[in-house]
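Structural features, examined
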Amino acid sequence: MNKILTSFLCFFAYTTIYAQINEVGVFLGGSNYIGDVGLTNYIYPNEPAFGVLYKWNKSPRHSYRFSYTQSRISSDDNDSKEPGRYNRGYKFKNNIKELSAGIEFNFFDFNLHEEKPKVTPYVYTGLSYFFYDNLYVLSGEIVKTDKINSSVAIPMTVGVKSNISRDLILALEVGARYTFTDNIDGSNPSNGSLPKFGNINNNDWYVFSGATLTYTFGKKPCYCRE
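So, here's what we can say about the structure. (Residues numbered from 1 in each chain as written. Predicted model: local features only at pLDDT ≥ 70, side-chain atom pairs only at ≥ 80, totals over all residues. Heavy atoms only, no water.)

A closer look at the overall build of the protein
- Across its full length, the protein holds 2 helices and 8 strands.
- If you list the helices and strands of the protein from N to C, you get α-β-β-β-α-β-β-β-β-β.
- Across the protein, contacts joining residues at least 24 apart in sequence account for 67% of those joining residues at least 6 apart.
- Here the protein displays about 12400 Å² of accessible surface, and carbon together with sulfur accounts for 61% of that area. (Helix = DSSP H or I, 4+ residues; strand = E, 2+ residues; numbered from the N terminus. Contact = heavy atoms within 4.5 Å. Areas by Shrake-Rupley, 256 points an atom, 1.4 Å probe, with all protein chains shown as cover.)

Re the packing of aromatic side chains
- With the rule as written, the count across this model stands at 13 aromatic pairs.
- Each ring, one from Y54 and one from F66, has its centre 6.3 Å from the other, and the planes form 20°; the classification is stacked. Of this pair, Y54 sits in strand 2 (residues 47–57) while F66 is found in strand 3 (residues 62–76), placing the two residues 12 residues apart along the sequence.
- Note on Y129 and F131: the rings are 5.3 Å apart at their centroids and 90° apart in plane angle, and the pair reads as edge-to-face.
- By relative accessible area, which is 35% here, F131 ends up partly exposed.
- The cationic tip of K55 hangs over the ring face of Y122; the distance from NZ or CZ to the ring centre is 5.6 Å.
- Looking at K118, its charged tip hangs above the ring of F110, at a distance of 5.8 Å from the centre. (Phe/Tyr/Trp six-rings, centres within 6.5 Å; stacked < 30°, edge-to-face > 60°. Buried < 20%, exposed > 50% of the residue type's maximum accessible area, 1.4 Å probe, protein only. Lys NZ or Arg CZ within 6 Å of the ring centre and 35° of its normal.)

Comments concerning the side chain of S75
- Within the element layout of this structure, S75 appears in strand 3.
- There is a polar contact of 2.9 Å between the side chain of S75 and the backbone oxygen of V37.
- The residues touching S75, leaving out its near neighbours within four places in the chain, are Y33, V37, G38, L39, Y90, K91 and F92. (Polar contact = N/O pair within 3.5 Å; in protein donor to acceptor, adjacent residues only side chain to side chain.)

Points about the sheet that holds strand 1 (residues 22–34)
- If you walk around this closed barrel you meet the 8 strands as 1-2-3-4-5-6-7-8, and the pairing is antiparallel. Recorded for the sheet is a direction-independent mean angle of 20° between the axes of neighbouring strands.
- One ladder, built from 17 bridges, connects strand 5 (residues 119–138) with strand 6 (residues 141–163); its direction is antiparallel. Bridge assignment links Y124 to a residue of strand 6, and that residue is T157. (Pairing = 2+ DSSP bridges. Axes fitted to C-alpha atoms, helices over the stretch in contact; angles between N-to-C directions.)

Some words on the nonpolar core
- One finds V37, F92, I96, F130, I142, I184 and Y206 to be the most contacted residues of the largest nonpolar core, which totals 19 residues.
- At the level of elements, strand 1, strand 2, strand 4 (91–106), strand 5, strand 6 and strand 8 (205–217) are the ones that each hand at least two residues to this core.
- Top contributing element to this core by residue count: strand 5, with 4 residues.
- Non-local contacts of Y206, meaning those with residues more than four positions away in its chain, are made with N32, Y33, I96, E98, F130, A153, G175, A176, R177, T179 and I184. (Core = buried A, V, L, I, M, F, W, Y, C linked by side-chain atoms within 4.5 Å.)

Re unusual backbone geometry
- Phi is positive for S139, which is not a glycine, with a value near 55°.
- With respect to the helices, strands and loops of the structure, S139 is situated in the loop between strand 5 and strand 6.
- We classify S139 as exposed; its relative accessible area is 75%.

Things to note about the side chain of S67
- Looking at the secondary structure, you find S67 in strand 3.
- Setting aside residues up to four positions removed in sequence, S67 forms contacts with V52, L53, E98, L99 and S100.

Here's the deal with the environment of N87
- Mapped onto the fold, N87 is located in helix 2 (residues 83–88).
- As for N87 and D77, which are separated by 10 residues in sequence, their C-alpha atoms are 7.8 Å apart.

What follows is the structure, given as structure tokens:
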């Protein structure tokens with residue numbers, strides 16, 4: 001009985017301490033937009049993006065992830081190979097500031113308590129809330145107002161990561177955001193008196209592509225002897 005109780009307490013202590021492994025770090029990369037202006041490439045970063053992130057690793061297979069990322073996004077019809085867009089000649093710039101929270105899932109065990117080199121692909125999803133400038137068309141040009149809009153997006157991220165030292169993890173990832181707005185580019189303003197253009201039945205996307213470098217901290221697990 002005492003042996004069973006000791007084993008149970010040891011297991012509880014192990015899992016509790018195990019859950020204290022944390023990561024904090026930075027994201028550096030680029031951004032691009034997919035919508036009614038300019039190119040339609042899914043991955044074509046043309047503006048710098050940066051952010052910070054925190055992960056709480058609950059197991060070798062999954063983590064709770066929280067992040068803040070910001071970037072300017074821009075697009076120009078003159079870069080498009082579609083004749084209709086090229087002849088229209090619209091272009092715009094907007095500023096994205098995003099808060100995101102969700103779950104990151106590793107395809108292989110990624111045990112931070114083991115110091116040997118490890119590599120795993122991973123996916124991340126959750127919910128993002130972002131702020132962006134209010135745009136609309138005026139005299140054939142897309143302009144912005146002083147108003148700041150906000151909306152929700154669903155992040156869909158894929159990446160691969162590896163521990164490059166005892167305390168540092170490097171990852172490369174691409175994360176597309178499906179937004180619940182069609183006006184990041186000014187094509188579908190909420191004011192019904194303003195002109196609309198493009199496909200108003202499709203919402204806008206934006207993509208963050210780049211690298212994360214995180215520092216791990218937290219207590220190591222206990223190993224109980226029988």
